[in-house]
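So you can see what is in the structure, the chains are spelled out below.
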Amino acid sequence: MGNENSTVIYKNIYQDPYDTLPLVLTLISAPLSIVGALFIFITFSLVDEARNETRKLLVCLTISDFIMAISSTVGNVRYAVKYGKSEIIELACPSTECDYLCLIHGSVQTWANLCSFFWTTIIAFHLLTNVVFKTREHYFTLRLCVHGVAWGVPLVIVILAMVHGVIGEDYRVGSGLWCWISACITPSEQFFWMMVTGKGWELLMYLLTGASYILLKGYMIQKRKERKQARLSFMDLSDNLRPSDENYLTLWLVIYVLRIWGTIRFGVAMYKHHTKDKLENYATFDKIFFYIQCFGDSSQAFFSCILFCLLDPVIRNSLLTYRRRQSYHRLDSVVA
């Protein structure tokens, strides 16, 4: 797909010399997310009081973030092994051999990334419908449809990308140390597939979750005025929610802070390409944002753990109680 043109387009294009900082940042954030995800799974199984519908959706989101963190780690290790001894990286297209590790890791990471966008949006709609419209989302058919969309649509998108042969090494062109959309296609094709397999859905997630946040906050303010209460929790407005579910409003802000850097890099890179504007200081700007992206893209599960485990009073108190019981059992066994 576009291989004849790509040989001319990408001839004699080089990347910067091998840089270890992005690798280090990713290999810090990704393991933290893996640990954070495991902590969310453990607390979900141990703390019955917090196991409501919202928590189940969080577990689904965390599964996708967990897979993404593992895939990101694999991709960065692959990049380090392949380019770690290179003084400079040359982009060579078209490639004559298939890098199966790149193909598998790129496909899995793209799928997990898309699933994360879908589940984040679903959580936003779940809160909105429960608080504002007072719906009860416990029907098997509705739950089956939600899972079918959140896991299935990303899978279809990734399969289409694989069939068209566009998943592969992108040499950090608008991306990072991981495999995503191959650089060995024309720029217009690369832009199209990056939108279809990630950035388009990410922008839609920003729009939908932002709108949901504004509607929820506006509704809460209105209800406080009507009831003349200074404090009103989600539980006061819906039987399906807990007071700590208000932490999920912060989830969207955290995702914006973590993920927006790659989106800005992508937008500026596309603007630069289409307008042919050299953009003074572009290299420095892109490198700084690239460093932040390497940490942010792989750290979502870690911050979810902080928000929904450490800052959740029910989870925190249950864990402290469990720890005290374990201490008492050990003390009793020593005394005995």
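What counts, and where the lines are drawn
- Residues numbered from 1 in each chain as written.
- Predicted model: local features only at pLDDT ≥ 70, side-chain atom pairs only at ≥ 80, totals over all residues.
- Heavy atoms only, no water.
- Salt bridge = Lys/Arg side-chain N within 4 Å of Asp/Glu carboxyl O.
- Helix = DSSP H or I, 4+ residues; strand = E, 2+ residues; numbered from the N terminus.
- Buried < 20%, exposed > 50% of the residue type's maximum accessible area, 1.4 Å probe, protein only.
- Polar contact = N/O pair within 3.5 Å; in protein donor to acceptor, adjacent residues only side chain to side chain.
- Axes fitted to C-alpha atoms, helices over the stretch in contact; angles between N-to-C directions.
- Parallel < 35°, antiparallel > 145°, perpendicular 65-115°, else oblique.
- Left-handed = near helix turned anticlockwise from the far one by under 90°.
- Contact = heavy atoms within 4.5 Å.
- Disulfide = S-S within 2.5 Å.
- Core = buried A, V, L, I, M, F, W, Y, C linked by side-chain atoms within 4.5 Å.

Novice: Sorry if this is basic, but what is going on with the pattern of salt bridges here?
Specialist: Close approach of charged atoms lets side chains of opposite charge pair. Tallied over the full model, the rule gives 10 salt bridges. One salt bridge connects Lys82 with Glu169, and the closest N-O pair in it is separated by 3.7 Å. Taken together, the residues span a long stretch of sequence, with Lys82 in helix α3 (residues 53-83) and Glu169 in the loop between β1 (167-168) and β2 (180-181) at a distance of 87 residues. With a relative accessible area of 41%, Lys82 lands in the partly exposed category.

Novice: Just checking my understanding: could you explain the side chain of Thr197 for this structure?
Specialist: Note on placement: Thr197 falls in helix α6 (residues 187-227). What makes Thr197 buried here is its relative accessible area of 1%. Separated by 3.0 Å, the side chains of Thr197 and Trp180 make a polar contact. Only 2.5 Å separates the side chain of Thr197 from the backbone oxygen of Trp193, close enough to count as a polar contact.

Novice: It is not clear to me how the packing of helix α4 (residues 100-131) against α6 should be interpreted in this structure. Could you clarify?
Specialist: Two packed helices can be described by the angle between their axes and the distance between those axes. At a minimum axis separation of 9 Å, α4 and α6 run at an interaxial angle of 15°. With respect to each other, α4 and α6 are oriented roughly parallel. Seen from above, α4 lies across α6 with left-handed handedness. In this structure, α4 contributes Thr110, Leu114, Phe117, Phe118, Thr120, Thr121, Ala124, Phe125, Leu127, Leu128 and Val131 to the contact, and α6 contributes Thr197, Gly198, Trp201, Glu202, Met205, Leu208, Thr209, Ser212, Leu215, Leu216, Tyr219 and Met220.

Novice: What exactly am I supposed to notice about the state of the cysteines here?
Specialist: Covalent bonding between the sulfur atoms of two cysteines is what defines a disulfide. Within this structure, the stated rule accounts for 1 disulfide. With no disulfide of its own, Cys60 has Cys115 as its nearest cysteine by sulfur position, at a separation of 10.0 Å.

Novice: How should I be thinking about the nonpolar core in this particular structure?
Specialist: One recurring pattern in soluble globular proteins is that nonpolar side chains are buried together. Trp119, Leu127, Val131 and Leu251 are the most contacted members of the largest nonpolar core, which has 43 residues in total. Elements represented by at least two residues in this core include exactly α3, α4, α5 (140-163), α6, α7 (248-275) and α9 (300-310). Residue contributions to this core peak at 11 residues, all from α4. Not counting chain neighbours up to four residues away, the residues in contact with Val131 comprise Leu216, Tyr219, Met220, Phe234, Leu237 and Leu241. In this structure, Trp180, Trp193, Phe266 and Tyr282 belong to the second largest nonpolar core, which totals 21 residues.

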